[in-house]
Amino acid sequence: MKPANSIFSNTGVTVFETMSRLAMECQSINLGQGFPDELGPEILRRKAAEAVIEGPSQYPPMMGLPELRQAVADHNKRFYGLDVDWQTETMVTSGATEAICDCLMALIEPGDEVVLIEPLYDCYLPMVRRAGGIPKLVRVEPPNWDLPRQRLSDAFTEKTKLILFNSPHNPAAKVYDRDEVQFIADLVLKHDAYAICDEVYEHILFDGRKHIPLMMLDGMRDRCVRIGSAGKTFSMTAWKVGYVTAPPNLLTPISKAHQFVTFTTPRNLQSAVAYGLQQDDAYFTALAGDLEAKRDLIANGLSDAGFAIMNVGGTYFLSVDIRSVGWDGDDVDFCETITREAGVTAIPMSAFYQDADINHFARFCFSKNDVVLTEACERLKRYFNS
Ligand code: PMP
Ligand code: GLN
């Protein structure tokens, strides 16, 4: 028989599914895949339920419900001062994942170079390649994950079509500051490139940090696509509602991809998310505040268990250097072993690299109940100190 597509045939099952399956099998505390262990805001869930009962039950418009698109435009203005025309510059997708896929399919021509920063979210590389892009990888290095400016600058060439840029960054939990974002903006301009900005953790920043969308900087408004996710902003990852903000010259081709990938997204969830985006500032402040306290809880607990912990500026994730507890194997082995023997699951960071040569970090998700986080840290402390 003829072979299937080589990129997906040669790609393994995503690390999130693999580790969640193992966690379930071992009944461990799952701090692997990134999701909160709560139901999410009740008012949004009620809105979604009401919308299912009351209908309509048929396709919403391809670009998304007008009320949600207007809410996305208003949200851009409220938080970032961006003037966005909801009719020509916003689109709703089935999660940020679909938005990323639509953007890559719509903007890349086979042979175009795409700049990416490693470690990277696991869907980026296969999707870039499947779209015909040539990945140009630049690494940020622990513990501070500083941007290697010279190497980034060298990665841009006349063949660069775009940079796929994620801030706040999963898995490094780095929040790029204004100076770094400006550096990227300058490269994008200099090379007449675009930027697809994965900003799903835009409201999850700690210690007074501010999220600076690349789109806010001079010259970037018509070169950037900004992607958000209700899954992260409303702590309900199952909802898979994403939203794209882009200038019309980019959104038009992106919407052509969207029309054939999913066409649309469940109507009831869209209207509930529209309501959610209109919450007052206190909602968004509380989201970050709650997670900051959890960051502190797990940071203290894991330090106490003997781990060297990396800085966390935002997101759901904290990573540790596994050598600090005397582990001399690799991170995959470490994560499997602690799942089976200590009853706690984490994600091996090597999954976020093209080559698994960096394999001594594990990522823990802390968007969990405090009791669960405390118990997980206790288990690891007992395991590594006995
Ligand atoms: N980008 C990043 C960096 C993520 O961590 C995630 C995972 N939640 C996504 C995109 C996907 O978001 P969604 O669930 O809305 O598709
Ligand atoms: N974004 C989540 C994480 O990094 C996982 C999403 C998924 O499983 N596809 O853990």
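1. Details of the sheet that holds strand 3 (residues 113-118)
Ordered in space as 2-8-7-6-5-3-4, the seven strands form an open sheet in which the pairing is mixed. Where the open sheet ends on each side, the last strands, each with one partner, are strand 2 (90-93) and strand 4 (134-139). Going across the sheet, the axis of each strand differs from the next one's by a mean of 20°, ignoring polarity. Sheet contacts for helix 4 (residues 66-80): strand 2, strand 7 (224-229) and strand 8 (242-245); angle to strand 2, the most-contacted strand, approximately 115°.

2. Focus on the site of ligand 2
Neighbouring residues of ligand 2: F16, Q33, G34, Y121, N170, Y201, F317 and R363. Interatomic distance of 2.7 Å between a side-chain N/O atom of Q33 and an oxygen atom of ligand 2. Between ligand 2 and the protein, one listed contact pairs an oxygen atom with a backbone N or O atom of G34 at 2.6 Å. Surface burial for ligand 2 is 80%, taken as the share of its 300 Å² of free accessible area covered by protein chains. If you map ligand 2 onto the pockets, it falls in the largest pocket.

3. Quick look at the pattern of salt bridges
Side chains that differ in sign of charge can pair as their charged atoms come close. Counted under the stated rule, the structure contains 23 salt bridges. Note that E113 is salt-bridged to K136, the shortest N-O span being 4.0 Å. Note that E113 is positioned in strand 3 and K136 in strand 4, a separation of 23 residues in sequence. With relative accessibility at 9%, the residue E113 sits in the buried group. Through salt bridges with shared partners, a single ionic network connects D207, R209, R295 and D296.

4. A short note on the site of ligand 1
Taken together, G95, A96, T97, Y121, N166, N170, D198, V200, Y201, S229, K232 and K240 make up the full set of residues adjacent to ligand 1. In this structure, S229 approaches ligand 1 through a side-chain N or O atom, which is 2.7 Å from an oxygen atom. Here ligand 1, which alone exposes 390 Å², has 93% of that area covered by the protein. With respect to the detected pockets, ligand 1 is housed in the largest pocket. In terms of residue count, the dominant contributor to the shell around ligand 1 is helix 6 (residues 95-107) (three residues). Among the residues forming the shell around ligand 1, the class breakdown is four nonpolar, five polar and three charged.

5. Thoughts on the packing of helix 4 against helix 12 (residues 267-277)
Put simply, helix 4 and helix 12 touch, their axes get as near as 8 Å, and they point 25° apart. Relative to helix 12, helix 4 is oriented roughly parallel. Pair helix 4 / helix 12 crosses with left-handed handedness. Contact with helix 4, carried on its side by E67, L68, A71, V72, H75 and R78, involves Q270, S271, V273, A274 and L277 of helix 12 and no other residues of that element. Here the residues of the contact of helix 4 with helix 12 are counted per class, giving six nonpolar, three polar and two charged.

6. Topic: unusual backbone geometry
Across the junction of E118 and P119, the peptide omega takes the value 0°, indicating a cis bond. Among the structural elements, P119 can be located in the loop between strand 3 and helix 7 (124-130). Note that the residue after N170, namely P171, is joined by a cis bond; omega there is 15°. Phi at D192 takes a positive value of approximately 50°, unusual for a residue other than glycine. Position of D192 relative to the elements: it lies in the loop between helix 9 (178-190) and strand 6 (194-198). Looking at D192, the relative accessible area reads 55%, which means it is exposed. Residue S235 is not a glycine yet carries a positive backbone phi of 55°. Along the chain, the position of S235 falls in the loop between helix 10 (230-233) and strand 8. Exposure remark for S235: the relative accessible area of 9% places this residue in the buried category.

Definitions and limits used
- Residues numbered from 1 in each chain as written.
- Chains lettered and ligands numbered in written order.
- Predicted model: local features only at pLDDT ≥ 70, side-chain atom pairs only at ≥ 80, totals over all residues.
- Heavy atoms only, no water.
- Pairing = 2+ DSSP bridges.
- Helix = DSSP H or I, 4+ residues; strand = E, 2+ residues; numbered from the N terminus.
- Axes fitted to C-alpha atoms, helices over the stretch in contact; angles between N-to-C directions.
- Contact = heavy atoms within 4.5 Å.
- Near = heavy atom within 4 Å.
- Polar contact = N/O pair within 3.5 Å; in protein donor to acceptor, adjacent residues only side chain to side chain.
- Areas by Shrake-Rupley, 256 points an atom, 1.4 Å probe, with all protein chains shown as cover.
- 1 Å grid on protein atoms, 1.4 Å probe; cavity = no way out; pocket = protein on both sides within 12 Å on 5 of 7 lines; lining within 4 Å.
- Sits in = over half its atoms within 2 Å of the grid points.
- Salt bridge = Lys/Arg side-chain N within 4 Å of Asp/Glu carboxyl O.
- Buried < 20%, exposed > 50% of the residue type's maximum accessible area, 1.4 Å probe, protein only.
- Nonpolar A, V, L, I, M, F, W, Y, C, P; charged D, E, K, R; others polar.
- Parallel < 35°, antiparallel > 145°, perpendicular 65-115°, else oblique.
- Left-handed = near helix turned anticlockwise from the far one by under 90°.

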